[in-house]
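Notes for the structure review
Below are the chains, spelled out letter by letter.
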Amino acid sequence: MAEPLSPEATATLRALLSGPDPVSGALLAQVPHARVSGRCGCGCATVDLEVDRTAVAPAPPHDNPAVEAGYTTPHRAGAMVCSEDGYLSLLGIHSVSDAPISTWPDPRFIER
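First things first, this report covers the structure right here in the doc. Treat the numbers as computed from the prediction; the structure is a model and nothing was measured.

**Observations concerning the overall build of the chain**
Helices and strands together make up the secondary structure of the chain, namely two helices and seven strands. Walking the chain from its N terminus toward its C terminus, one meets helices and strands in the order β-α-α-β-β-β-β-β-β. The C-alpha atoms of the chain give 13 Å as radius of gyration, which agrees with the globular expectation for 112 residues (13 Å, within 12%). Along the three orthogonal principal directions, the C-alpha set of the chain runs to about 40 × 35 × 20 Å.

**Section: the pattern of salt bridges**
Summed over all chains, the structure comprises three salt bridges. Between D85 and R53 there is a salt bridge, with its nearest N and O atoms 4.0 Å apart. Of this pair, D85 sits in the loop between β5 (77-84) and β6 (87-95) while R53 sits in the loop between β3 (47-51) and β4 (67-71); the two residues are 32 residues apart in sequence, bridging distant segments of the chain. We classify D85 as exposed; its relative accessible area is 58%. In this structure, D106 engages R108 in a salt bridge whose closest nitrogen and oxygen atoms are separated by 2.5 Å. On the basis of relative accessibility, which here comes to 27%, the residue D106 falls in the partly exposed class. Using a relative accessible area of 68% as the deciding quantity, one classes R108 as exposed.

**Quick word on the nonpolar core**
Ranked by internal contacts, the top residues of the largest apolar core, which has 31 residues, are L13, L88 and L91. If you list the elements that add at least two residues to this core, you get α1 (7-16), α2 (22-30), β2 (34-39), β3, β4, β5 and β6. Among the elements that line this core, the one with the most residues is β6, at four residues. Not counting residues up to four positions away in its chain, the partners in contact with L13 are L5, V31, L49, V81, L88 and L91.

**Structural notes on unusual backbone geometry**
N64 connects to P65 through a cis peptide bond whose omega is -5°. Residue D85 is not a glycine yet carries a positive backbone phi of 55°.

**A look at the sheet that holds strand β7 (residues 110-111)**
One open sheet holds the seven strands; their spatial order is β1-β2-β3-β6-β5-β4-β7, and the pairing between them is antiparallel. The open sheet has two edge strands with one neighbour each: β1 (3-4) and β7. Relative to β5, β4 is paired through five bridges, and the arrangement is antiparallel. The partner of Y71 across the bridge, within β5, is A77. Seen against the sheet, α2 touches β2, β3, β4, β5 and β6 and runs at an angle of roughly 100° to β6.

Reading the values: the criteria
- Residues numbered from 1 in each chain as written.
- Predicted model: local features only at pLDDT ≥ 70, side-chain atom pairs only at ≥ 80, totals over all residues.
- Heavy atoms only, no water.
- Helix = DSSP H or I, 4+ residues; strand = E, 2+ residues; numbered from the N terminus.
- Rg over C-alpha atoms; globule rule 2.2 N^0.38 Å.
- Salt bridge = Lys/Arg side-chain N within 4 Å of Asp/Glu carboxyl O.
- Buried < 20%, exposed > 50% of the residue type's maximum accessible area, 1.4 Å probe, protein only.
- Core = buried A, V, L, I, M, F, W, Y, C linked by side-chain atoms within 4.5 Å.
- Contact = heavy atoms within 4.5 Å.
- Pairing = 2+ DSSP bridges.
- Axes fitted to C-alpha atoms, helices over the stretch in contact; angles between N-to-C directions.

Right, here's the structure in full:
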């Protein structure tokens, strides 16, 4: 069963999608209509997303990940946004260490 995005995941999506390009703008418009449909099995904060496709238009064609960025504080990690058919499908985080990152770092530390 789908559940609402956490405030931390929402803030991370908004920060990652803050670019001026049309793909980021279209995906950003989907955030209020996105819900968590699954989680990564390793214990990290990565979430699968589903969007109410009747409420918002798809993004223009683009590559995946749609956005990719890194964190250096407090973890050395990377974050990405993926889509499927123009709709948000994943907000992912990966660490350069062996330990999964189980909470979203402060989006102020995202480095593009």
